[in-house]
Amino acid sequence: LADLGLRRRWAVALDEGMCKRLAPQDLANVAWAAAVLQMGGLHRLGARLGLAADACDLGRLGAPQLGKLAWGLAKLSQHLASDKPSGGQGGGSVAGNSTIDDHPSWARNALILGKTKHSAGGHGLGDLLWFMSTLGKGGQHAWSFFERAPAKHLGKDAYSILLRDTVRGSSFEILVLRHLADHCASQGLRAAILNAAVIRSCDAGNVAEARNLLEYMAAKKLWTPVTYRVAGRVATALGTDNLGIQGSPAFPGLVEPGLGAHKYVRALYHAFQRGQLGDSESALEGLEHFSRSKGWLKFGAADEKGAVVDNAVRRFRDRKQSGDSLAIAEFGTFLGYSAVRMARAFGAGAKIVTLESDPEVACLAINFIEFSGVDADIDVWIGNCEDLAPRLREHLGARSVGLVYMDHNQMIYHEDLARLEALDVLADGALLVATQVLKPGAPLLLWRLRQAELAGRLSAPLELVSSPDCGCPLMEEWVAVAELVASGLDASHGPGTVWEPDEAPKELRMLAAECNLMRWRTVQGLVNEDRWNAFVQHVRRSVERLVGVRSTRDVWPDPKTLAKARRLEYRRVGFFFS
């Protein structure tokens, strides 16, 4: 069961009788794998797993397995997944609209057991907290759990849920960030997380808390260049030139990430070393230099693709009417590179809301954005995009987003676009810019965009720009640029009806699952660059045949290299195995 490919093969082969005979732990593993690979709609697998869970003794599961089962089945069950939390970082409080009696018996049982089977930390805890919040019970439960949280790292998923459901700059958010900082892997990451807590406090007007954090960081010798910059903001807010705190280490502060630092942490501190505080150009160059020379980083907005993104941002800027307040929504903050680059391309006054699921990476991005000093309102929200997207409507208003940039989980691009359209958050002629639609691949997004084009729901022809993927000379990548109509509603099917494309062919849905499988196997180190080069051409040929699209523009330095890449052939080994 440790191999995702095996789980997928098992999941596809299951029939209804076999589902009912699965042991609880096996059922949890299969439900989790089916949800990860988005296979609930194939062979009615999600419904059959739910029926099997209704008859299963969930009390035999430990907390991690219970979390996997509850998370997987909730993801597979549309009626559960549609009941999203609201509030938190976008304003308001967490409140579910459903009652416990509205859900199947497995969900009711899992909720009851989840309250007593808290994991001490790790993956299962995050799954349980997400599940409880999906049923509308997470917010009231999070504080009571956190009060009893052990003195150890709780797992990124758990911190993500806790931070997603807090009020910005509140005492609870600062407590969660300090808990995360106290139990992270390196000194550099600890400083970055505490910097993020100071920035959150300062932005919320809680300058007394910000000053207390600065004193604590000085005592621990955790001041960085960002700390010195933020200390100036705190002093200004307090109406003084001198906070009375001696920064430590002395300016510029800590610029080494420390022992055991992750590559992303090392990248941030490399930018600190090479860049100049408050100079966005040198900050961006610092991350680019790290990626080229120290450890490759996948920036969707870098190199040839970066020019495509820059042009889309300028196109959005030039079309804005004087006085309007349209925002940019970014799905996938990563280290903040693309947010800063888009802010530079837009010019002074850009408003960007950027969503990041990994709380540690989000804190690194908050530091990088502050270090860059870019003249823009860049707001980092922590949590999964599917959970945070509804808050865009609450926070920004209807038809308030003029550009959407996607570089997160390509398997759910189409779902996130559908969600934005249903929320009526997109302005008329809003631009969608989506990278990585060939690698790892977003075939269902391409299907949705092509069907929208055929239905007259794009204001301009769909653009698919081909370029080499960053750092990989033979790996073709597409950036999709679409100009969307304002409303997701379809008047031809009655008032209030949300437009949806025809169902994608089964072969295309299987291709999407195959892309997802390749993505997950790559994370495990099981797919090399040559294999990916060939697989991308398999994806390209498949979407050309099944979707009816081709690249509309090529931005390769050497056309001969593109021709060579397109001659590569992909051969499967076994059943969807690389």
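Residues numbered from 1 in each chain as written. Predicted model: local features only at pLDDT ≥ 70, side-chain atom pairs only at ≥ 80, totals over all residues. Heavy atoms only, no water.

Here we come to the sheet that holds strand β4 (residues 401-406). Strand order in the open sheet formed by 8 strands is β3-β2-β1-β4-β5-β7-β6-β8, with mixed pairing between adjacent strands. The open sheet terminates on both sides in strands that have one partner only, identified here as β3 (376-382) and β8 (553-554). Relative to strand β5 (residues 426-434), β4 runs parallel, the two being bridged by 5 bridges. Within β5, the position partnered with Y405 by the bridge is V433. Those strands touched by helix α26 (residues 559-566) are β6 (463-469), β7 (472-484) and β8, and its axis lies near 95° from that of β7. (Pairing = 2+ DSSP bridges. Helix = DSSP H or I, 4+ residues; strand = E, 2+ residues; numbered from the N terminus. Contact = heavy atoms within 4.5 Å. Axes fitted to C-alpha atoms, helices over the stretch in contact; angles between N-to-C directions.)

Buried residues dominate β6, accounting for 6 of its 7 residues. Here β6 pairs with β7 via 7 bridges, running antiparallel. Note on β7: the bridge partner recorded for P468 is E476. Joining the antiparallel neighbours β6 and β7 is a turn of 2 residues, in which G471 adopts a positive phi near 85°. Pairing of β6 with β8 involves 2 bridges; the strand directions are parallel. (Buried < 20%, exposed > 50% of the residue type's maximum accessible area, 1.4 Å probe, protein only.)

Taken as a whole and judged by the stated rule, the model has 1 cavity of 30 Å³ or more. Taken as a whole, the largest cavity encloses approximately 40 Å³ of empty space. Lining the largest cavity, in full, are Q38, Q410, M411, H414, A442, P443, L444, L445 and A512. In terms of residue count, helix α23 (residues 443-454) provides more of the lining of the largest cavity than any other element does, 3 residues in total. Looking at side-chain class alone, the lining of the largest cavity contains 6 nonpolar, 3 polar and no charged residues. (1 Å grid on protein atoms, 1.4 Å probe; cavity = no way out; pocket = protein on both sides within 12 Å on 5 of 7 lines; lining within 4 Å. Points joined across faces, edges and corners; volume = space filled by probe spheres on them. Nonpolar A, V, L, I, M, F, W, Y, C, P; charged D, E, K, R; others polar.)

Scanning the model with the defined rule gives 32 salt bridges in all. Of the charged contacts in the structure, one is a salt bridge between E421 and R448, with a shortest N-O distance of 2.7 Å. Note that E421 is positioned in helix α21 (residues 413-423) and R448 in helix α23, a separation of 27 residues in sequence. On the basis of relative accessible area, E421 is assigned to the buried category, the value being 9%. The exposure class assigned to R448 is buried, which follows from its relative accessible area of 5%. R509 is the partner of E503 in a salt bridge, and the nearest nitrogen-oxygen pair spans 3.7 Å. Among the charged side chains, a salt-bridge network with shared partners connects E476, R540, E544, R550 and R566. (Salt bridge = Lys/Arg side-chain N within 4 Å of Asp/Glu carboxyl O.)

Volume-wise, the second largest pocket comes out at about 390 Å³. Contributing to the lining of the second largest pocket are 17 residues, with I199, D203, I369, E370 and I378 lying nearest its centre. Only α12 (187-203), α14 (225-237), α19 (359-372) and β3 provide two or more residues apiece to the lining of the second largest pocket. No other element matches the 5 residues that β3 contributes to the lining of the second largest pocket. Taken together, the residues that form the lining of the second largest pocket break down as 7 nonpolar, 1 polar and 9 charged.

By size, the foremost hydrophobic cluster in this structure holds 127 residues, and its most contacted members are L49, L58, F131, L154, L335 and L403. With near-sequence residues (within four places) excluded, F131 lies in contact with A70, A74, W106, A107, A110 and L111. Membership of the second largest hydrophobic core comes to 58 residues, among which are F331, L464, W499 and W532. (Core = buried A, V, L, I, M, F, W, Y, C linked by side-chain atoms within 4.5 Å.)

One can find A231 in helix α14. Between the alpha carbons of A231 and N242 there is a distance of 9.4 Å; along the sequence they are 11 residues apart. Filtering out sequence-adjacent residues up to four positions away, A231 remains in contact with L214, W223 and L243.

Turning our attention to the packing of helix α15 (residues 263-274) against helix α16 (residues 280-293). The interhelical angle for the contact between α15 and α16, taken along N-to-C directions, is 130°, at an axis separation of 8 Å. Classified by the interaxial angle, the pair formed by α15 and α16 is oblique. Like other packed secondary-structure pairs, α15 and α16 cross with a definite hand, here right-handed. On α16, the residues touching K263, R266, A267, L268, H270, A271 and R274 of α15 are A283, E285, G286, L287, H289 and F290. Classifying every residue of the contact of α15 with α16 gives 6 nonpolar, 3 polar and 4 charged. (Parallel < 35°, antiparallel > 145°, perpendicular 65-115°, else oblique. Left-handed = near helix turned anticlockwise from the far one by under 90°.)

What follows deals with the pairing of strand β2 (residues 350-356). For β2, the buried fraction is high: 6 of the 7 residues fall into the buried class. Sheet analysis places strand β1 (residues 327-331) next to β2, joined by 4 bridges and oriented parallel. Its bridge partner lying in β2, E330 is registered against T354. Following the chain from β1 across helix α18 (residues 337-346) to the adjacent parallel β2, one finds a crossover that is right-handed. Strand direction decides the pairing type here: β2 and β3, joined by 7 bridges, are parallel. Residue A350 lies in a different strand from β3, and its bridge partner there is A376. Taken together, β2, α19 and β3 constitute a β-α-β crossover, and its handedness is right-handed. (Right-handed = clockwise from strand over helix to strand, strands pointing away.)

In this fold, S291 is placed in helix α16. S291 sits in the buried class, given a relative accessible area of 13%.

Per-residue confidence for the protein gives a mean pLDDT of 85; residues scoring 70 or more make up 85%. Summarising per-element confidence for the protein, the mean pLDDT is lowest in helix α6 (residues 78-81) (45) and highest in α19 (98). Low pLDDT (under 50) marks residues 79-87, which in the prediction has 31 contacts with non-local residues, meaning those over four places away or in another chain. The low-confidence segment residues 90-98 (pLDDT under 50) makes 19 contacts with residues lying over four places distant or belonging to another chain. (pLDDT = per-residue confidence, 0-100.)

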